Amino acid sequence: MDNRYIGERILDEAAIATGVERVAALLNDNYQDAVVITVVPGGILFTADLVRKLTFTIAMDTISCPHTPGDRSNQSTIVFHPTIDITGKDVIVVDDAIESGGTMKRLVEYLSTTYSPKSLAIATLFVKPGRVDIPFRQFYAWEMENDDLLIGYGLPWENKFRNIPFISKLKR
């Protein structure tokens with residue numbers, strides 16, 4: 001792996017595991033049954049770790065909206081081919097992080113208005129400051145202190161580095 005882009009560690013593997021436990025505990029306290037919709041590809045690792053800690057019944061699906069990390073005005077096509085009817089159900093949209101929040105806001109508004117779930121919430125490992133307002137309940141473990149570009153644990157740079165088992169600052 002090309003380590004020249006891997007900077008200071010922000011969340012090591014232990015902190016990520018703690019974060020997964022925190023988010024799972026919050027969700028376990030709030031749900032009996034829900035549909036988990038993973039934002040792919042970024043949310044795959046967090047979802048895999050998270051759902052194994054959930055104690056309530058879940059169904060799973062995926063959604064995507066390709067974007068550049070930090071892009072607040074992402075207008076790319078939302079790709080959702082539902083395999084589960086989410087109308088009238090509790091839905092949790094899971095991604096690795098909310099960075100600028102623009103893409104997540106579009107995704108949850110799309111799901112909410114198109115499919116009329118009973119409730120809709122967001123679960124992420126962390127959120128960044130200065131993100132756009134997303135008027136849906138959010139469950140997360142960490143709030144970052146700044147808006148540094150981060151890589152690892154699902155977060156890419158130039159479509160690489162998602163497989164790093166920790167989160168670090170991008171070094172350019």
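Above this text sits the structure in question.
Residues numbered from 1 in each chain as written. Predicted model: local features only at pLDDT ≥ 70, side-chain atom pairs only at ≥ 80, totals over all residues. Heavy atoms only, no water.

Here the focus is unusual backbone geometry. The amide bond that connects Val40 to the next residue, Pro41, takes the cis arrangement and shows omega of 5 degrees. Relative to the elements of secondary structure, Pro41 occurs in the loop between β2 (33-39) and α2 (44-51). The phi angle at Ser116 is positive, at roughly 50 degrees, despite the residue not being glycine. By secondary structure assignment, the location of Ser116 is in the loop between α3 (102-115) and β5 (119-127). Unlike most non-glycine residues, Tyr153 shows phi in positive territory, near 50 degrees. Topologically, Tyr153 is positioned in the loop between β7 (150-151) and β8 (167-170). The buried category is assigned to Tyr153, whose relative accessible area is 6%. (Helix = DSSP H or I, 4+ residues; strand = E, 2+ residues; numbered from the N terminus. Buried < 20%, exposed > 50% of the residue type's maximum accessible area, 1.4 Å probe, protein only.)

Now for the pattern of salt bridges. Applying the stated criterion across every chain yields a total of seven salt bridges. The salt bridge partner of Glu21 is Lys53, with a shortest N-O separation of 3.2 Å. Separated by 32 residues along the polypeptide, Glu21 in helix α1 (residues 13-30) and Lys53 in the loop between α2 and β3 (57-63) bring together distant segments of the chain. For Lys53, a relative accessible area of 39% translates into the label partly exposed. Between Arg52 and Asp49 there is a salt bridge; the shortest N-O distance is 2.7 Å. (Salt bridge = Lys/Arg side-chain N within 4 Å of Asp/Glu carboxyl O.)

All right, on to the layout of surface pockets then. Here the second largest pocket defines a volume of roughly 190 Å³. Taken together, Ile10, Leu11, Lys128, Trp142, Glu143, Met144, Glu145, Asn146, Asp148, Leu150 and Lys169 make up the full set of residues lining the second largest pocket. Where the lining of the second largest pocket is concerned, the elements lending two or more residues are β1 (6-11) and β6 (137-143). Within the lining of the second largest pocket, the residues separate by chemical class into five nonpolar, one polar and five charged. (1 Å grid on protein atoms, 1.4 Å probe; cavity = no way out; pocket = protein on both sides within 12 Å on 5 of 7 lines; lining within 4 Å. Points joined across faces, edges and corners; volume = space filled by probe spheres on them. Nonpolar A, V, L, I, M, F, W, Y, C, P; charged D, E, K, R; others polar.)

Side chains of nonpolar character tend, in soluble globular proteins, to be buried together. One finds Leu27, Leu50, Phe126 and Ile167 to be the most contacted residues of the largest nonpolar core, which totals 29 residues. Broken down by secondary-structure element, the contributors of at least two residues to this core are α1, β2, α2, β4 (90-98), β5 and β6. Take this core: its biggest share by element is six residues, from α1. Ignoring any residue separated from it by four or fewer positions in sequence, one finds Leu27 in contact with Leu50, Leu54, Phe56, Ile92, Ala123 and Phe139. (Core = buried A, V, L, I, M, F, W, Y, C linked by side-chain atoms within 4.5 Å. Contact = heavy atoms within 4.5 Å.)

This next bit is on the sheet that holds β4. If you walk across this open sheet you meet the five strands as β3-β2-β4-β5-β6, and the pairing is parallel. The sheet is open, and its two borders are formed by β3 and β6, each paired with just one other strand. Put simply, the sheet's adjacent strands are angled 20 degrees from each other on average, direction ignored. Lying on the sheet, α1 is in contact with β4, β5 and β6; it crosses β6 at an angle near 155 degrees. (Pairing = 2+ DSSP bridges. Axes fitted to C-alpha atoms, helices over the stretch in contact; angles between N-to-C directions.)

What α2 keeps buried is the set Phe46, Thr47, Leu50 and Val51. Take α2 and look down its axis: the buried residues cluster within an arc of 115 degrees, on one side only. Considering only its buried residues, α2 is in contact with α1, β2, β3, β4 and β5. (Arc of directions from axis to C-beta.)

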